[in-house]
Amino acid sequence: MANELPFERPLAELKGKIDELRKFGAEKKIDFTDEIAKLEERYVVLEEELYSSLTAGQKMQIARHAGRPTTLDFINALCTDFIELHGDRMYADDLAIVGGIAKFNGIPVTVVGHQKGKDTKDNIARNFGSPHPEGFRKALRLMEQANKFGRPIITFLDTKGAFPGGTAEERGVGESIARSLFAMSTFKVPVVVVVIGEGGSGGALALGVGNRVLMLEHAVYSVLSPEGAASILYKDASKAAELAEVMKITAQDLLRLEAIDEIIPEPRGGAHRNLEQQAEAVREVVGRHLKELLPLDGDKLMEERYAKFRKIGKFTQWQEVAELV
């Protein structure tokens, strides 16, 4: 197993023993069929136990895996005739957000999403997927264009959050996110949101106001990174795994809380194990939701989107708590 995560090491070690025994048997012409079969049975059992009981912290590690498919990976796998559009027409072209026009299942759409790098050089160029204000303004420009010409919008969320530096503050990062939230709530075209990796803070939500919000099985979505929360609450970022459980950041937690609409299954071990299989799963779910939304008129789409976000959240009134006490 290449690039295994820390909690996957027992699986990697067992796989290494199987490969070593198979190689040794071939070299020495010794039949280890029975021994290999037993080890492979153990591997299947261990794999099932591991991936069926992942903690929120472990899911977070999968969501951040360096080999996890990016927005451009999904666009190239799912769409045809993609034309990337650049710049916010105000300041610059932010490579942390990509987008353009494409065809999805033959339907003209606008696709927009956060883009992380594939290596160190690419990550630096793309600011590790953390957009500046001009990135959000580019995304908004493309989405407003889609709304004007009646094209459905598909967004892909994968960022730790907006860039928190002074330059972003100077150029109005908060305003750019707020403007995107406001505009997306008013669009009269279908908007389908897919959280493909780490959906962090307002930087993710800026592209996340959709009629349907979907998440990959091991993706995470939160108001703040667990490390950030641990630093604020405990002054200790090492407690991030503990906070991840409490914050309810997994797709399964958010589906129970009715904050998202559906979970898209991943290949065993994560989306990075098989891009083709993952892309087909995304195609099926996104295509189904898009088919449901396309017949609706603009006002209905806007009303449905508004109602969806108004009802998110679980709370208990203080009077009810007082009566229980």
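Source: prediction; values computed, not measured.

## Details of the overall build of the protein
At step 1: When helices and strands are counted, the protein shows 15 helices and eight strands.
At step 2: In terms of overall dimensions, the protein is globule-like: its C-alpha atoms have a radius of gyration of 22 Å, near the 20 Å expected for 325 residues.
At step 3: Principal axes of the C-alpha set define a box for the protein whose edges measure 70 × 60 × 45 Å.
At step 4: Looking at the protein residue by residue over its 325 residues, the buried ones come to 50%.
At step 5: For the protein, the accessible area works out to roughly 16,400 Å², and carbon and sulfur atoms hold 55% of it.
At step 6: In the protein, 43 side chains carry a positive charge and 49 a negative one; their mean positions are 3 Å apart.

## Here we look at the packing of aromatic side chains
At step 1: Taken as a whole and assessed by the stated rule, the structure comprises one aromatic pair.
At step 2: Across the ring face of Phe309, the terminal group of Lys308 is positioned such that the distance to the ring centre comes to 6.0 Å.

## With respect to the pattern of salt bridges
At step 1: Tallying each qualifying case throughout the model produces 24 salt bridges.
At step 2: Close ionic contact of Asp19 with Lys15 constitutes a salt bridge, the shortest N to O distance being 3.2 Å. Here Lys15 and Asp19 lie together in helix 1 (residues 9-28), a separation of four residues that amounts to about one turn.
At step 3: The class for Asp19 is partly exposed, based on a relative accessible area of 34%.

## A short note on the nonpolar core
At step 1: Within the largest apolar cluster, 60 residues are counted, with the highest numbers of intra-cluster contacts made by Phe156, Phe187, Val194 and Leu216.
At step 2: Residues Phe7, Leu11, Tyr51 and Ile62 belong to the second largest nonpolar core, which totals 13 residues.

## Quick word on the environment of Thr186
At step 1: Mapped onto the fold, Thr186 is located in helix 8 (residues 173-186).
At step 2: A C-alpha to C-alpha distance of 8.6 Å links Thr186 and Arg305, two positions 119 residues apart in sequence.

## So, unusual backbone geometry
At step 1: The backbone phi angle of Arg89 is positive, close to 65°, even though this residue is not glycine.
At step 2: By secondary structure assignment, the location of Arg89 is in the loop between strand 1 (79-84) and strand 2 (97-104).
At step 3: Phi at Glu258 is positive, roughly 60°, even though this residue is not glycine.
At step 4: Inspection of the secondary structure puts Glu258 in the loop between helix 12 (251-256) and strand 8 (262-264).

## Quick look at the side chain of Thr110
At step 1: Mapping Thr110 onto the fold places it in strand 3 (residues 107-114).
At step 2: Looking at Thr110, the relative accessible area reads 1%, which means it is buried.
At step 3: Separated by 3.1 Å, the side chains of Thr110 and Arg151 make a polar contact.
At step 4: Those residues within four positions of Thr110 in sequence are excluded, and the remaining contacts are Gly100, Leu142, Ala146, Arg151, Pro152, Ile153 and Ile154.

## Quick notes on helix 3 (residues 56-63)
Turn by turn, an α-helix covers 3.6 residues, leaving residues three or four places apart pointing in a common direction.
At step 1: A large share of helix 3 lies buried, amounting to seven of its eight residues.
At step 2: Every buried residue of helix 3 is listed here: Ala56, Gly57, Gln58, Lys59, Met60, Ile62 and Ala63.
At step 3: On its buried face, helix 3 sits against strand 5 (191-200), strand 7 (220-222), helix 10 (226-234), helix 11 (240-247) and helix 12.

## A few points about the side chain of Lys308
At step 1: Looking at the element boundaries, Lys308 is found in helix 14 (residues 298-310).
At step 2: Here Lys308 is in contact with Gly210, Asn211, Val213, Ala259 and Asp261, once residues within four sequence places are set aside.

## Overview of the UniProt feature "domain: CoA carboxyltransferase C-terminal" (unreviewed entry) in the protein
At step 1: Per the UniProt entry, the sites bearing "domain: CoA carboxyltransferase C-terminal" (unreviewed entry) are residues 31-292 in this numbering.
At step 2: The span residues 31-292 is 47% helix and 19% strand, and its two end C-alpha atoms sit 56 Å from each other.

## Things to note about the packing of helix 10 against helix 11
At step 1: Running from N to C, helix 10 and helix 11 point in directions that differ by 100°, and their axes come no closer than 8 Å. If you check the angle between helix 10 and helix 11, you find them roughly perpendicular. Every residue of helix 11 that contacts helix 10 at Pro226, Glu227, Ala229, Ala230, Leu233 and Tyr234 is listed here: Ala240, Glu242, Leu243, Ala244 and Met247.
At step 2: For the contact of helix 10 with helix 11, the class distribution of residues is nine nonpolar, no polar and two charged.

## Things to note about a nonpolar patch on the surface
At step 1: Among the surface-exposed residues, Ile232, Leu233 and Tyr234 lie close enough to one another that they form a single nonpolar patch of about 330 Å² accessible area.
At step 2: In this fold, Ile232 is placed in helix 10.
At step 3: Here Ile232 falls in the exposed class, since its relative accessible area comes to 56%.

## Some points on the environment of Gln278
At step 1: Within the fold, Gln278 resides in helix 13 (residues 275-293).
At step 2: Take Gln278: its relative accessible area is 0%, and that puts it in the buried class.
At step 3: Each C-alpha atom of the pair Gln278 and Ala240 lies 28 Å from the other, and the pair is 38 residues apart in sequence.

Procedures and definitions
- Residues numbered from 1 in each chain as written.
- Predicted model: local features only at pLDDT ≥ 70, side-chain atom pairs only at ≥ 80, totals over all residues.
- Heavy atoms only, no water.
- Helix = DSSP H or I, 4+ residues; strand = E, 2+ residues; numbered from the N terminus.
- Rg over C-alpha atoms; globule rule 2.2 N^0.38 Å.
- Buried < 20%, exposed > 50% of the residue type's maximum accessible area, 1.4 Å probe, protein only.
- Areas by Shrake-Rupley, 256 points an atom, 1.4 Å probe, with all protein chains shown as cover.
- Lys, Arg positive; Asp, Glu negative; His and termini not counted.
- Charge placed at Lys NZ, Arg CZ, Asp CG, Glu CD.
- Phe/Tyr/Trp six-rings, centres within 6.5 Å; stacked < 30°, edge-to-face > 60°.
- Lys NZ or Arg CZ within 6 Å of the ring centre and 35° of its normal.
- Salt bridge = Lys/Arg side-chain N within 4 Å of Asp/Glu carboxyl O.
- Core = buried A, V, L, I, M, F, W, Y, C linked by side-chain atoms within 4.5 Å.
- Polar contact = N/O pair within 3.5 Å; in protein donor to acceptor, adjacent residues only side chain to side chain.
- Contact = heavy atoms within 4.5 Å.
- UniProt positions renumbered as here; feature names shortened; annotations may be inferred.
- Axes fitted to C-alpha atoms, helices over the stretch in contact; angles between N-to-C directions.
- Parallel < 35°, antiparallel > 145°, perpendicular 65-115°, else oblique.
- Nonpolar A, V, L, I, M, F, W, Y, C, P; charged D, E, K, R; others polar.
- Patch = residues over 30% accessible without salt bridge, like charges linked within 9 Å, V, L, I, M, F, W, Y side chains within 5 Å.

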